[in-house]
Amino acid sequence: MFDIEVIDRPSAAAAALEPVRSQLLSELREPASAATLATRLGLKRQKINYHLHALEEHGLVQVADRRKWGGLTERLMVASAITYVISTSALGPVGADPDRTPDRLSASYLIALGARLVREVGALQRAATDAGKRLATLAIDTEIRFRSAADRASFTRELTEAITTLAARYHDETAPHGRSHRLVVTAHPSPANPQGKDFQCQ
């Protein structure tokens, strides 16, 4: 089971978003049978089996174990991941793309960058898993409370200068065995302040 799985096929995305199937994925973080799930969710076993087959067809659940009861075999199913995220690849040509968003200071561009990050890293993670390798990544996440808009602007300028300097120092276009990496640095207001009040745009 993966910690997180990126769904990039439209049919799989539709299957995961269906309310009953989404609930089943949540319940199947631990192996369970259709009978157990039917009891938990208050649904008929036949309906649970119908939805499980649909999820299995898209690789979102798999058989974890089999138990025999008399002449019958009961399958214990488990989700393919603990959590899921849907890639814009599932949306085809209407998926967000930063190359189609000219204003690089807009919220739309930031959202499109996030969508591209999910799409690219999701595909790389899948390829690494298939090859039995670990995908090397780096992520930094922190929160800064600026005293003023002027301080925020100063921070932006200094951060840009620092990144430009580091990139120039380590970038080598001619390295025969080098591998390009994409660096994305973003900043946006936190959804709520420490007191739980909604943020105000400024």
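What counts and how
- Residues numbered from 1 in each chain as written.
- Predicted model: local features only at pLDDT ≥ 70, side-chain atom pairs only at ≥ 80, totals over all residues.
- Heavy atoms only, no water.
- Salt bridge = Lys/Arg side-chain N within 4 Å of Asp/Glu carboxyl O.
- Buried < 20%, exposed > 50% of the residue type's maximum accessible area, 1.4 Å probe, protein only.
- Core = buried A, V, L, I, M, F, W, Y, C linked by side-chain atoms within 4.5 Å.
- Contact = heavy atoms within 4.5 Å.
- Pairing = 2+ DSSP bridges.
- Helix = DSSP H or I, 4+ residues; strand = E, 2+ residues; numbered from the N terminus.
- Axes fitted to C-alpha atoms, helices over the stretch in contact; angles between N-to-C directions.
- Arc of directions from axis to C-beta.
- Polar contact = N/O pair within 3.5 Å; in protein donor to acceptor, adjacent residues only side chain to side chain.

As annotated in an unreviewed UniProt entry, the protein carries the name Helix-turn-helix transcriptional regulator and is attributed to Mesorhizobium onobrychidis.

K.L.:
So what's going on with the pattern of salt bridges? Residues and values would help.
P.N.:
It is possible for side chains bearing opposite charge to pair when their charged atoms get close. In this structure the tally under the stated criterion is seven salt bridges. Between Arg-67 and Glu-74 there is a salt bridge, with the nearest N and O atoms lying 2.9 Å from each other. For Arg-67, a relative accessible area of 33% corresponds to the partly exposed category. With a closest N to O distance of 3.0 Å, Arg-147 and Asp-151 form a salt bridge. In this structure Asp-151 comes out as partly exposed when scored by relative accessible area, which is 24%.

K.L.:
Please provide a residue-by-residue account of the nonpolar core, values included.
P.N.:
Counting residues in each nonpolar core, the largest one holds 21 residues, and the members touching the most others are Leu-28 and Leu-52. Those residues in contact with Leu-28, other than ones at most four positions away along the chain, are Met-1, Leu-37, Leu-52, Val-61, Met-77, Val-78 and Ala-79.

K.L.:
Explain the sheet that holds strand β4 (residues 72–79) to me, using residue names and the numbers behind them.
P.N.:
The strand order across the open sheet formed by three strands is β2-β4-β3, and the pairing between neighbours is antiparallel. Two strands bound the open sheet, and with one partner strand each, they are β2 (32–33) and β3 (61–69). Here β2 runs beside β4; their pairing, made up of two bridges, is antiparallel. In the strand pairing of β4, Ser-33 is matched with Leu-76. Where helix α4 (residues 45–57) meets the sheet, its contacts fall on β3 and β4, and the angle it forms with β4 comes to roughly 55°.

K.L.:
An account of helix α2 (residues 19–27) is needed here, citing residue identities and associated values.
P.N.:
Along α2, the positions that sit buried rather than exposed are Val-20, Arg-21, Leu-24 and Leu-25. An end-on view of α2 places all buried positions within 140° of arc, on one side of the element. Of the surrounding elements, those touching the buried residues of α2 are α1 (10–17), α3 (34–41), α4, β3, β4 and β5 (81–86). Capping of α2 at its N-terminal end is provided by Glu-18; its side-chain oxygen lies 2.9 Å from the backbone amide nitrogen of Val-20.

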